[in-house]
Amino acid sequence: MTVRGKFITLEGIDGAGKSTHIGFVTDFLAARGKTVVSSREPGGTPLGEKLRELLLHEKMHLETEALLMFAARREHIAQLIAPQMALGNWVLSDRFTDASFAYQSGGRGLARAKMEALEQWVHPGLQPDLTLLFDVPLEVARERLDATRTLDKFEREQADFFERCRNEYLRRAAEDPDRMAVIDSTRSIEATRARLAEVLEKLL
Ligand code: TYD
């Protein structure tokens, strides 16, 4: 029987440094013989990418935003995450449900009970095997946001929004320390990679 692949997610507020390290994580796992499928949320499927366009650029009611995030996620699980894991492949997703808790509940204030209900509805039996939470103080994240490109709807939010997102991420991590590894990403790229290697090694 094929051994089920693992599911790893990357999280953190905008500018925390997730995108700098995705390639390293993929290469590290591939070097250990894993077939890695990289994906992202919102998105990851043709329908999900259409929803991403709307989510990142259209103004909408907070609950519409939360529901569309989970609609895209439902599709992502059905079309990509579950079948790839069943094949024995490792799925690496740039964001997943922790981002909904951080942004829609923490940032925007949607009642956490509603978020928990959506999580229970959409993926009752599925949690990432490992979540890498890239964490930096807000000032650092703001500096890292590339000011030369057009910022999306979320990236244009104010500092206090991101502070609430970060706090919610850290709350989730404290609640589930076996799944979520907090990666201090204020350190050098090399130091962060060494920490990532250490965390990933435990999963192999
Ligand atoms: P991001 O992952 O930062 O992509 P990029 O690096 O291309 O900007 O952008 C996705 C945005 O979507 C990010 O600002 C967080 C937001 N988001 C939510 O608000 N809720 C969610 O559930 C997810 C998955 C993302």
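Residues numbered from 1 in each chain as written. Predicted model: local features only at pLDDT ≥ 70, side-chain atom pairs only at ≥ 80, totals over all residues. Heavy atoms only, no water.

Student: I'd like to hear about the pattern of salt bridges, residue by residue, with values.
Tutor: Evaluated as defined, the whole model comprises 21 salt bridges. Taking the shortest distance from any N to any O, the salt bridge between R95 and E11 comes out at 3.9 Å. With R95 in the loop between strand 3 (90–94) and helix 4 (97–107) and E11 in strand 1 (residues 7–11), this pair connects stretches of sequence that are 84 residues apart. Of the two residues examined, R95 and E11, each falls in the buried class. Linking R73 and E41 is a salt bridge whose minimum nitrogen-to-oxygen distance equals 2.6 Å. You can see R73 sitting in helix 3 (residues 62–86) and its partner E41 sitting in the loop between strand 2 (36–40) and helix 2 (46–57), a full 32 residues away along the chain. Taking the relative accessible area as the measure of exposure, E41 reaches 4% and is therefore buried. (Salt bridge = Lys/Arg side-chain N within 4 Å of Asp/Glu carboxyl O. Helix = DSSP H or I, 4+ residues; strand = E, 2+ residues; numbered from the N terminus. Buried < 20%, exposed > 50% of the residue type's maximum accessible area, 1.4 Å probe, protein only.)

Student: With reference to specific residues and values, describe the site of the ligand.
Tutor: Around the ligand lies a shell of 16 residues, among which D14, R95, S100, Y103 and Q104 are the nearest. Within the side chain of D14, a nitrogen or oxygen atom sits 3.0 Å from an oxygen atom of the ligand. Taking E155, its side chain carries an N or O atom lying 3.2 Å from an oxygen atom of the ligand. Alone, the ligand offers 550 Å² of accessible surface; in the complex the protein occludes 88% of this. Looking at the shell around the ligand, the elements with two or more residues in it are helix 2, helix 3 and helix 4. Counting residues per element, the shell around the ligand draws most heavily on helix 4, at four residues. (Near = heavy atom within 4 Å. Polar contact = N/O pair within 3.5 Å; in protein donor to acceptor, adjacent residues only side chain to side chain. Areas by Shrake-Rupley, 256 points an atom, 1.4 Å probe, with all protein chains shown as cover.)

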